[in-house]
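Structural overview for review
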Amino acid sequence: MRNRSVLALAVLIFITLTQAAGAEADREKLLKDPGVYATFAVFKVGDQWAQMEKEARASSVGEVKKVFEKHADKVAVDTYLLRGLSERADFFIRVHSKEMLDNQNFLVDFMGTTFGKNLKNTDTFNGITKALNYVPKFPEDLKTELKTPPPQGSPYVVVVPIRKDAEWWLMPQDARTTLMKEHTDATVIYLKTVKRKLYHSSGLDDLDFITYFETAKLDDFNNLVTALLQVKENRHNKRFGEPTLLGTLRSLDEILEILSH
Amino acid sequence: MRNRSVLALAVLIFITLTQAAGAEADREKLLKDPGVYATFAVFKVGDQWAQMEKEARASSVGEVKKVFEKHADKVAVDTYLLRGLSERADFFIRVHSKEMLDNQNFLVDFMGTTFGKNLKNTDTFNGITKALNYVPKFPEDLKTELKTPPPQGSPYVVVVPIRKDAEWWLMPQDARTTLMKEHTDATVIYLKTVKRKLYHSSGLDDLDFITYFETAKLDDFNNLVTALLQVKENRHNKRFGEPTLLGTLRSLDEILEILSH
Amino acid sequence: MRNRSVLALAVLIFITLTQAAGAEADREKLLKDPGVYATFAVFKVGDQWAQMEKEARASSVGEVKKVFEKHADKVAVDTYLLRGLSERADFFIRVHSKEMLDNQNFLVDFMGTTFGKNLKNTDTFNGITKALNYVPKFPEDLKTELKTPPPQGSPYVVVVPIRKDAEWWLMPQDARTTLMKEHTDATVIYLKTVKRKLYHSSGLDDLDFITYFETAKLDDFNNLVTALLQVKENRHNKRFGEPTLLGTLRSLDEILEILSH
Amino acid sequence: MRNRSVLALAVLIFITLTQAAGAEADREKLLKDPGVYATFAVFKVGDQWAQMEKEARASSVGEVKKVFEKHADKVAVDTYLLRGLSERADFFIRVHSKEMLDNQNFLVDFMGTTFGKNLKNTDTFNGITKALNYVPKFPEDLKTELKTPPPQGSPYVVVVPIRKDAEWWLMPQDARTTLMKEHTDATVIYLKTVKRKLYHSSGLDDLDFITYFETAKLDDFNNLVTALLQVKENRHNKRFGEPTLLGTLRSLDEILEILSH
Amino acid sequence: MRNRSVLALAVLIFITLTQAAGAEADREKLLKDPGVYATFAVFKVGDQWAQMEKEARASSVGEVKKVFEKHADKVAVDTYLLRGLSERADFFIRVHSKEMLDNQNFLVDFMGTTFGKNLKNTDTFNGITKALNYVPKFPEDLKTELKTPPPQGSPYVVVVPIRKDAEWWLMPQDARTTLMKEHTDATVIYLKTVKRKLYHSSGLDDLDFITYFETAKLDDFNNLVTALLQVKENRHNKRFGEPTLLGTLRSLDEILEILSH
C-alpha cells in the first residue's frame, strides 16, 4: 500500500516538473485535443548492445537525450518500461503531435542514434484522437459520472489494441450506441482508479482502436476488463490485445539507466 | 501545417524533375495504363549495416543509384519511408513495368548491391493494373464524380493488401456491382483529398488486391476507411491489411541519407 | 534532470520502507492468499552463452544468486527446468509478490545480470490470485472433497494458459456455475495426485487464466486433462495451452549448473 | 515483348541441351509418369554468404555442379529464381525421381556443399504424381480440349500449395466430379498459354496438392486464377498458396551467378 | 527398387545389432507396453556448426555417443533424418522410457554436448502409450484383421501430431467408437505396408495425439491418409500435422556423419 502511494507521489512531482518547462510542445493540449496523432513505438534491446563498451553506451545516452530535446517543440513523448512484464519488448515510447510526420521524424532520429541502432522495433501502433462518438447520446446521469476526474500519477500502464468485426461496423449507429452504453455502464465504478484514453486507428494500422490505461490498482483493472468481457459488445472484438502491453511509467533516464548498465 | 505544405512542394518538385528526364520509361503511361505489372518490395536494414565503415556505406549509395539509372528505361520506381510508422520495415519500393521480368531484374540488381545485401526483404506484393471492372455499370452521376482530379504532391502513403472470401467470388456479377457501388458512394467525398490506385494480385501473390493511397490528410483517410468498414462488401474481406503500410513519400536520396548516416 | 532525482528519491524511500518489513517474503502467505500478483517468465539460453569462457559463466552464477537474495524480502520465486520437454524454452521462473512492480523489479535485475543478458525471454504470463468464484455455490459434498490435501514434493509441473470465448463471459453466472460444477466433478478423483493453482489474467495479459499443476503421475494428469476435454465448458476455451509448458521442479542451483556447464 | 521471347528461346535451348545428355535420368518419363515423387525445396541465401571471399564463393559453385552431376542418373532437377518477386526466398529447386529417398539424398548432398551450408531452407513441399482422378468421367468434348498442347519455353513459374477442407473429402465422388468439371471448364481457354502439373501431398506434407504452372502471360494467369476463385470448388480450399511462389525459370548457372557475384 | 531393399536390410541389421546389446533398456517392452512415455525431439543444426574446425566436430561425435550409452539402461532411442524432406529440421530423436524425467535427463545431456549446443530444438512432442481405447468394442473380424503383422525394416517415417475439436471429446463414447470403426476399416488394406503407433498427449503438449508411421511405400501411405480424410472422424481434427514430419530411419552414426562432414 505504502509503495504505491510513494510511487504515485513521485510520478505526480515528475508531471508537475515537466509541465513547468516553457518552450515545449503544449503537452496538455496534445494529450486532450481531438485530431492529435499518436504513435506507440515498442522496442527490444538487441544482443549487441550488451557487448558494447560501457563508455560507448554511456555516450549514447546523451545522444538519445539530445534527440528528445531537438523535437520537444513538436512532439510530446512518454516512456514506459515493459521488461519483466512482457516477453515482446523492453520499453515503449508514446509520441503525440499535430502531424504524423512529426512522429516519424522524431522516431527516425531516435532510431538513428547508437542506442536506436541497437534496438529492434517489435511493434508500432498509429492512431488519431477524436471527439467522443457515443457519449453525446448517453443519458445525462451517465454523462455526469463520466466527468469523474481520473487518477493522477499512477505507476502502471496497459495498452490493448482492438479490431472490431464486420458486424460491428455494419450495425446501425443506434444499436452501437446501445451496446456502448452497456459497455460504459460497466466501467463507471472504475473511473476513479483507472484512467483511459482512446485512439482511432482504422486505415492507419491493422487495428481499429488503441486503448490506453493508467492505474495504481491492477486488481481493479483486472476486474474492469473482466466486466467488459461480459458485455455484448465483446462479441465484436476480432482482436483484443495480442499484444496486451503491461508496463510501468518510468522516466527516460530510468529506462536508459536500466537498459544500459 | 507548414510542415505539410513544404513536404508537398518538395514532392511536387521531385516529380517534375524526374518527369523531365527524357530517355526514361514513360512513367506517366506506366502509372495510368492497364496491363502494367507492379511489385512492391519492402525492406528492413540488417544489423550489420550500422557496423560498416562510413566510407563503405557512402560508396554503396552510389552503387544503388547506378542500378536505378541502369533500369530507368524499363521500370518506373517510387520510394517510400516506413521507419518510425511501421515495425515491419524501414522503406519500400514500388516498381512498375510492362513485364514482371523487368521488375525482377531491377530488384535482383538492387538486392545485389552492397546496400541491398544488407537488407532483409520483409514483404513483396505483386500485381497487375486492369481496366475498371464495375465503374462502366455505375450511374452517370457517380461516373462524373469519379472524374474528380485526385490530390497531387501528398506526403503520406498507405498500402493495404486485400483478400476476398469465396462468397465474394461466387456472387453473381450484378450483386457484386451493387456492393461496389455502395462502396464507391462511400468514397466520393474523399476523392479530393485521397488519391487511390488498384492492383489485381490473384495468382501472382497470396492476395487478391493491392490498394494504394496517397494523401495529405490522414484524418480524412481514417474517416474514409471507417466508412468502407461500414459497407456490406466489408463482410467479404478475408484479409484487410496485415500489413497495413503507413509511410511517407521520400526521394531515394533522402531514404539513403536517413538509413546510412 | 530534476525528474530523475525525484524519482530516484522515491525509489530510495520505497526501498527503505519495505526493508523495514524485515525477514523474507512470507512465502506461504504469498502462495495461498488472494490478491497476490504472479509473473511466469520463460527463458531460453542464447547462442552466445555457450561461447563464453567457463570462468565468466561461473562468476555469473554468483551474480544471479545475489539478485535472488536481494529481492527475497519481496518476492517468492520458484524455478523449473523445461529443456528437453519443450522446444520453446530452457527454464521458467514463477514470481509471487504483493505488487506487480516488485515482480518487474526482480526480473529487471535478473535480466540485467551477465547470465540474464544471454537469455531470450520467450514467454511471460501475468496474473493475480483471487478468492474462489464458483466453489461457494457448489453442493456441500463437493466442497468437502475439494478439501482433499494436494500431493507434496511432486517432480513435474505443467502450465496451461487459457482464454475463454465471448459466449463464456456473456453466459449468466448460474449457467457458468453449472458448467464449472461439471468441470470440478471431473477433477475430484485426481485431487490426491495433482495439485492445482489458478491465476486470473484478463487485462494483465493476452489470457484469461493461467492454470498451474504439480504432479508425480503424468499418466493421471493426462487422464485429468482428457476428462476436462469431455465437459461442456471445454467448448468455450478459445485458447488452451499454446504453449503448454511441461517441465520439472528444480532448484536454481541445479538449473544454473545444467545451463552453464 | 522482346524480353519474353529471348528468355523463352533460352529456356528452350536449355531444355534441349539437358535432354540431349545420354546417361541422365529419363527426364521426360519422370515429368510425365504417375508414381513419380517430387520435392520442391525453397532456399534463401544466408547473411554470411555475402561476407565470404569471392574465390571461396566461386569454388563453391563448382562443388554444387558436381552434386547435380553425381545424382543426374536418379533425379531430374529444375531450378527457378524467386528473388525480387517473393520475400520468402531467393530460389527453389524441383526434384523428380522414382523414390523419395533419391530426392532426399540429392538434397542432403546439395545442402552439404559450402553454398548449401549458407542457405536457409525456407519451405519444402513433397508430392507424388498420379493418374488423373476426375478426367475419365468428363464428357468427350472436354476430354478432347484437355489434349490442347501446353505452351513450351515459358519464362514464368507459379507454385500454389493447396489444402482442402473436410467437407471436400467427405463429399461423394460424383459430387466432387461435378465440381471438378466446373473447375476444368473454367480453365479450358487458358490451356494454350498456361501449362499445369499436379502433385498429391496428403500425408507427405501439410498439404493436399501442389499445383505448378508455367506461362509467358501472367495476365492470362491472373485471369485463370480469378476464374477458379469463381467456381464452387473454391469454397473447399482451406489453404490456397501461403506461400504462392512466383518466379522465373533460370538455369542453375544463372542462379549461381546472380547469388554469388 | 534396389535402393529400398538395401536400406530396409541395413535398418534390419541395425535393429538386430542394437537389440543384441545386453544391459540396455528393454527396448521391445518399451516399444510395446502401455504406460510408456515418449518424447520426439526435433533439431536443426545451427549456423555456427559449419564454421567449426573439422576436428572439433569429429570429437563432438564421440561425446554424443557417450551420452547415448550413458542413458542406454533407461531410454530406448531412435534417430531419423529429415533434412531434404522438411524445411523445419535436420533430424529428430524418438525417446521412450518408463518415466518422463528419464527422457528429459537424456535430452538435457544430449543438448549439453558440443554438438547439442549447436542445435536449435525446433519442435518437441510429448506423449504416453495406452491400452487401445476403441478396439475392444470392434467386431471380431476387424479385430482379427488388426492382428496383421506390420512391415519390418521400412525406410520411411512420418509423424503427424493431431488435435481434436471440443465436439469430438463431447461426443458419447459409442458415437466415437462408431466413427473410429469407420476410420479403422479404411486402414485395413494398408496394415501390411504401413506400421502405426499411437501416443496420447492431452495435457502433456499442445496436442491430443502423436501418430507415428513407418513404411517402404509412400504411395500407399498417401492413399491411406487420403482414405482417412474421407471418413467422418476427419471433421473433428482441429490440427492435423503442422508439422507433418517426413523422413527416413537412419542410424545415429549416419546422421552424425551427414551433419558433420
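Residues numbered from 1 in each chain as written. Chains lettered and ligands numbered in written order. Predicted model: local features only at pLDDT ≥ 70, side-chain atom pairs only at ≥ 80, totals over all residues. Heavy atoms only, no water.

**A look at the side chain of His236 of chain E**
All names here are of chain E. Secondary-structure assignment places His236 in the loop between helix 10 (218–229) and strand 8 (237–240). We classify His236 as buried; its relative accessible area is 13%. Sequence-distant contacts of His236, defined by excluding residues within four places in its chain, comprise Arg163, Lys164, Asp165, Glu167, Trp168, Met171 and Leu179. (Helix = DSSP H or I, 4+ residues; strand = E, 2+ residues; numbered from the N terminus. Buried < 20%, exposed > 50% of the residue type's maximum accessible area, 1.4 Å probe, protein only. Contact = heavy atoms within 4.5 Å.)

**Overview of the relation of the copies chain C and chain E**
If you rotate chain C by 72 degrees and push it 0.0 Å along the axis, it lands on chain E with an RMSD of 0.0 Å. When the rotation and shift are considered jointly, the pair of chain copies conforms to a five-fold rotation axis. (Least-squares fit on C-alpha atoms with pLDDT ≥ 70 in both.)

**Thoughts on the interface of chain C and chain E**
Chain C puts 37 residues into the contact, and the matching count from chain E is 34 residues. Summed over both sides, the interface of chain C with chain E buries roughly 3,000 Å², with 52% coming from carbon and sulfur. Of all residues in chain C, Leu85, Glu87 and Asn222 of chain C bury the most surface against chain E, accounting for 19% of the area lost on that side. In this structure, the connection of chain C to chain E is made through two salt bridges. (Buried area = accessible area lost by both parts, 1.4 Å probe. Salt bridge = Lys/Arg side-chain N within 4 Å of Asp/Glu carboxyl O.)

**A closer look at the packing of aromatic side chains**
All names here are of chain A. The tally for this structure, following the rule as stated, stands at 75 aromatic pairs over all chains. Relative to Phe209, the ring of Trp169 has its centre 6.0 Å away and its plane inclined at 25 degrees; by these criteria the two rings are stacked. Placement of the pair is Trp169 in helix 8 (residues 166–170) and Phe209 in strand 7 (residues 209–215), with a sequence separation of 40 residues. When its relative accessible area of 13% is taken as the criterion, Phe209 is described as buried. Cluster of aromatic residues (ring-pair linked, three or more members): Phe43, Trp49, Phe68, Phe91, Phe106, Phe110 and Phe115. (Phe/Tyr/Trp six-rings, centres within 6.5 Å; stacked < 30°, edge-to-face > 60°.)

**Some details on a negative patch on the surface**
The grouping of Asp47 of chain A, Asp47 of chain B, Asp47 of chain C, Asp47 of chain D together with Asp47 of chain E at the surface amounts to a negative patch. Topologically, Asp47 of chain A is positioned in helix 3 (residues 47–51). (Patch = residues over 30% accessible without salt bridge, like charges linked within 9 Å, V, L, I, M, F, W, Y side chains within 5 Å. Areas by Shrake-Rupley, 256 points an atom, 1.4 Å probe, with all protein chains shown as cover. Lys, Arg positive; Asp, Glu negative; His and termini not counted. Charge placed at Lys NZ, Arg CZ, Asp CG, Glu CD.)

**Considering a positive patch on the surface**
Positive charge collects at one region of the surface, where Lys120 of chain A, Lys120 of chain B, Lys120 of chain C, Lys120 of chain D together with Lys120 of chain E lie side by side. Note that Lys120 of chain B resides in strand 4 (residues 119–128).

**Details of the arrangement of the chains**
Contacts are most numerous between chains A and C, taken over all five pairs of chains that touch. For the non-touching pair chain A and chain D, the nearest C-alpha separation works out to 16 Å.

**Section: the confidence of the model for chain A**
Scored by pLDDT, chain A has a mean of 91; 91% of the residues are at 70 or more. Every residue in residues 9–23 of chain A scores below 50 in pLDDT, and together they form 17 contacts with partners more than four places removed in sequence or on other chains. (pLDDT = per-residue confidence, 0-100.)

**Points about the side chain of Ser154 of chain E**
Relative to the helices and strands, Ser154 of chain E resides in the loop between helix 7 (140–145) and strand 5 (156–164). Residues in contact with Ser154 of chain E, not counting those within four places in the same chain, are Glu214, Thr215, Ala216 and Leu249 of chain E.

**Structural notes on the environment of Glu24 of chain C**
Residue and element names in this part refer to chain C. Positionally, Glu24 belongs in the loop between helix 1 (2–19) and helix 2 (27–32). By relative accessible area, Glu24 is classed as exposed at 63%. For Glu24 and His96, which are 72 residues apart along the polypeptide, the C-alpha to C-alpha distance reads 13 Å. Residues within four places of Glu24 in sequence aside, it is in contact with Ala72 and Asp73.

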